[in-house]
Amino acid sequence: MESNGEIESSLSRSNGGEDRRVGLIFDERMCKHYAPAPAEEHHPECPDRILAIWSLLNSSGLAKRCIILKAKDVEDNHLALVHTKKHISLIKSISSVNSESKRSRLAARFNSIYFSEGSTEAASLAAGSVIEAAEKVAKGELDSAFAIVRPPGHHAEEGEPMGFCLYNNVAIATSYLLNERRDLGINKILIVDWDVHHGNGTQKMFYKDPRVLFFSVHRYDSGTFYPSGHDGSYIMTGEDSGAGHNINVPWEHGRCGDADYLAVWDNILIPVAKEFYPDMIIVSAGFDAAIGDPLGGCCITPHGYSIMLDKLMEFAGGKIVMALEGGYNLNSIATSARACVDVLLHGKAPNVVSEAYPFASTWRVIQEVRRELSTYWPVLGGELPEKTINKTTQIAVLSSDSEGETEDIVLAVPEEVLTIDDVILPLSNLKIDLDSQVDQEAKMKPSWRSELSKVDVWYATYGSNMKMARFRCYIEGGQIEGMRRPCVGSMDKSKPKGIIWKTFPHRLFFARERTATWGPGGVAFLHPNSNAQEKAHLCLYKITLEQFNDVLFQENSLNLETSHPLFDSAALQTIQTEKSISVELVQGGWYHNLVYLGNEGGTPVLTMTCSLSDVDDFMSGKFPINPPCKEYANTLITGLVEGEQLSEEEASAYIQEASSKPL
Ligand code: Q9C
Ligand code: ZN
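Residues numbered from 1 in each chain as written. Chains lettered and ligands numbered in written order. Predicted model: local features only at pLDDT ≥ 70, side-chain atom pairs only at ≥ 80, totals over all residues. Heavy atoms only, no water.

### Overview of the overall build of the protein
Heads up, the rule is: The numbering of helices and of strands both runs from the N terminus, where a helix is a DSSP run of H or I of at least 4 residues and a strand a run of E of at least 2. When accessible area is computed with a 1.4 Å probe and restricted to protein chains, residues below 20% of their type maximum are described as buried, those above 50% as exposed, and intermediate ones as partly exposed. For this analysis, residues touch if any pair of their heavy atoms sits within 4.5 Å. Note on areas: these come from Shrake-Rupley sampling with a 1.4 Å probe, and a residue is covered only by the protein chains present in the view.
The helix and strand tally for the protein stands at 22 helices and 18 strands. Taking all 663 residues of the protein together, 62% fall into the buried category. Looking at the protein alone, contacts between residues at least 24 apart form 75% of all its contacts between residues at least 6 apart. Carbon and sulfur atoms form 50% of the exposed surface of the protein, whose accessible area is close to 25,700 Å².

### What to know about the packing of helix 9 (residues 258-276) against helix 10 (residues 302-312)
So the rule is basically this: Fitting a line to C-alpha atoms yields each axis, with helices limited to the stretch in contact; the angle taken between N-to-C directions then spans 0 to 180 degrees. Comment on the angle field: the value is read as roughly parallel under 35 degrees, roughly antiparallel over 145, roughly perpendicular from 65 to 115, and oblique elsewhere. Classification convention: Asp, Glu, Lys, Arg as charged; Ala, Val, Leu, Ile, Met, Phe, Trp, Tyr, Cys, Pro as nonpolar; all other residues, Gly among them, as polar.
Packing of helix 9 against helix 10 brings their axes to within 9 Å, and their N-to-C directions diverge by 10°. Comparing the axis directions of helix 9 and helix 10 gives the class roughly parallel. Between helix 9 and helix 10, the contacting residues are Asp 258, Tyr 261, Leu 262, Trp 265, Asp 266, Leu 269 and Ile 270 on the first element and Gly 304, Ile 307, Met 308, Lys 311 and Leu 312 on the second. Broken down by class, the residue content of the contact of helix 9 with helix 10 amounts to eight nonpolar, one polar and three charged.

### Quick notes on the coordination of the zinc ion (ligand 2)
This is how the line gets drawn: Distances define the donors: N, O and S atoms within 2.8 Å of the metal qualify, as do those within 3.2 Å of Na, K or Ca. Water is excluded, so some sites may look unfinished.
At this site the zinc ion (ligand 2) is bound by Asp 195 (OD), Asp 195 (OD), His 197 (ND1) and Asp 288 (OD), with donor distances of 2.0 to 2.7 Å. Mapping the donors of the zinc ion (ligand 2) onto the primary sequence yields the spacing D-x1-H-x90-D. Residue His 197 is located in the loop between strand 4 (189-193) and helix 8 (200-205), and its partner Asp 288 is located in the loop between strand 7 (280-285) and helix 10; the two are separated by 91 residues in the primary sequence. This pair shows no difference in class: His 197 is buried, exactly as Asp 288 is.

### Here's the deal with helix 2 (residues 48-59)
Because an α-helix completes one turn every 3.6 residues, residues spaced three or four positions apart along the sequence face the same direction. We count it as follows: Each residue after the first adds 1.5 Å to the expected span of a helix.
An ideal rise of 1.5 Å per residue puts 16 Å on twelve residues; helix 2 measures up with 16 Å between its terminal C-alpha atoms. Counting buried residues in helix 2 gives nine out of twelve residues, a clear majority hidden from the surface. If you check which residues of helix 2 are buried, you get Asp 48, Arg 49, Ile 50, Ala 52, Ile 53, Trp 54, Ser 55, Leu 56 and Leu 57. Following helix 2 by one or two positions, Gly 61 adopts a phi angle in the positive range, close to 80°.

### Considerations on the sheet that holds strand 9 (residues 456-461)
What counts, and what does not: Strand pairing follows a simple DSSP-based rule, namely that at least 2 bridges must link the two strands.
What the six strands build is an open sheet, ordered 10-15-9-18-17-16; its pairing is mixed. Where the open sheet ends on each side, the last strands, each with one partner, are strand 10 (498-504) and strand 16 (580-582). Averaged over all adjacent pairs, the angle separating strand axes in this sheet is 30°, with direction ignored. Relative to strand 17 (residues 593-600), strand 16 runs antiparallel, the two being bridged by three bridges. In the sheet register, Ser 580 faces strand 17, and the bridge partner there is Val 595. Here helix 18 (residues 545-555) sits on the sheet and contacts strand 9, strand 15 (536-544), strand 17 and strand 18 (603-609); the angle it forms with strand 15, its principal contact strand, is near 125°.

### Considering helix 18
Summarising burial for helix 18: eleven of the eleven residues are buried, a large majority. Among the residues of helix 18, those classed as buried are Leu 545, Glu 546, Gln 547, Phe 548, Asn 549, Asp 550, Val 551, Leu 552, Phe 553, Gln 554 and Glu 555.

### Let's talk about the confidence of the model for the protein
Threshold: On a range of 0 to 100, pLDDT expresses the predictor's confidence in each residue.
Per-residue pLDDT for the protein averages 87, and the proportion of residues at 70 or more is 86%. For the stretch residues 1-15, pLDDT sits under 50, and the model shows 22 contacts to residues farther than four places along the chain or on other chains. Here residues 396-443 is a poorly scored stretch, pLDDT under 50, and it has 95 contacts once near neighbours within four places are set aside; other chains count.

Have a look at this one:
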């Protein structure tokens, strides 16, 4: 596999099996920039951020499929492409300021900036590494690259550091290719800034430059969200010959997620990118719009990032350089970065349909942006179809503080579906990792996971998971039609090793008032005891015990990030003699009762349902028996039809009988 990047990259996108050449840059010396004293508050822009990403890329086996590049120091003349002499000497002087109090006094002159002795070196490596990655991709030595760098860059302006950013890494690399390496033939660069904050520095540096299309989607909150002011407004479209080459998509509020971002991709970014026809894409890849981020208040899932990135892969022959910007939940940034590297390697995002809808405000913003820019980009000219913009998610009204930045993480679900058992648990799962002492490796991938990944079980489902696409949400993350919120997926996203269907002599029934995932209506349960009069259809997926635990976590609205499995190898032994086990840790959940249904080719078959005492409570009326809502019932029906178990009529009759026959 040598030379000719052009031909190879276009081929490898479709060849399925083989990895593309993806460069990764990481260097521990970038951890030498850190906030002083653990005195008051832990600073979110901490060294653990890049360690968390690096460690997950390694433990998940992705790093070894990439080409690891050496970090490089930046050269002064390259810094000078976008920064003033004064700014450069300021940052270079930090390493020789030898007292912490002097450094603090210096930093206090700027907006949201700290310095440590190693800041000079870290900043130099961050900028130099993004150049290195971009140059290798421009040359065709790599298809794409991800520079795992800090300090971040996009807030840094020509003459001052700002917003945790010292040098503007992405702007420096962009300017380097366009001005210093004309020989490489990169004449037009699209910068996609998906950090939750506006990339004010980058915007200013290329505001009059038609060779750079700067696109930023960020929280704006009427100009109150950081960096605040009106630079991030959609009316900022570029100047002089750069007119039309600056696109801002300013969210009116937090809580934006996959559906909102993808609507922006489909209705603004992608159509414009087709016209602009970039030679390279550089992503200012902050992950602070990720679900769980303590500053962003948005909720992009790793799967959302992978689709956003995948949609960019069709441009510039897939020449994409990602540079880390913000992102402050260690777990969120690591899993988001992993999803992105996965896409860079395959040239394909996991294929899960998301049917969540954008907010009404999202369509409003999209229309404003399109109108503002349609003079420059005629493709944005037409009105969006009514039926498109009528599909919206109601906003959940939840309290937020006045700053708007430290708002609690919320899911994009209507307020009416917020019930204690469904919502409080998942919200508490989005824990914010602030203790930097804990060993990242151990935190990222507890040892039980590698152990249980070696054991297989059949997970037998009688409910919505009979539909393959819905079950895949539990493995790969995402959501399908009818689901009101996405699943996070398993930490092991590999496909099931086998799928078979079987019938079992158990009663299927529907109960409960409503669920967060499906809204009002009952959901399926299997009576834990067998009954020769009954016949239930179950779809069996052969998955690892690790994946089974992740399904169990998600079925019961629990966090994947735990140091213990819910159901380990010992429990797997026990259940084969005891027939059923109630999983203690999830007794608050509805599917805590694991039932052993025998074995299939030597591999145990397990299902999840409620306990016998829950059945009693349903029968006594303490909890309601309820037929399923239409979307949920349809998921079961299409599952049975697609699995070729029943015709559509038979499947409907089967569900109908199960939901009407008394228990
Ligand atoms: N009330 C990046 O994500 N917040 N920078 C200051 C003052 C600063 C974020 C809050 C946020 C900077 C790269
Ligand atoms: Zn940010």
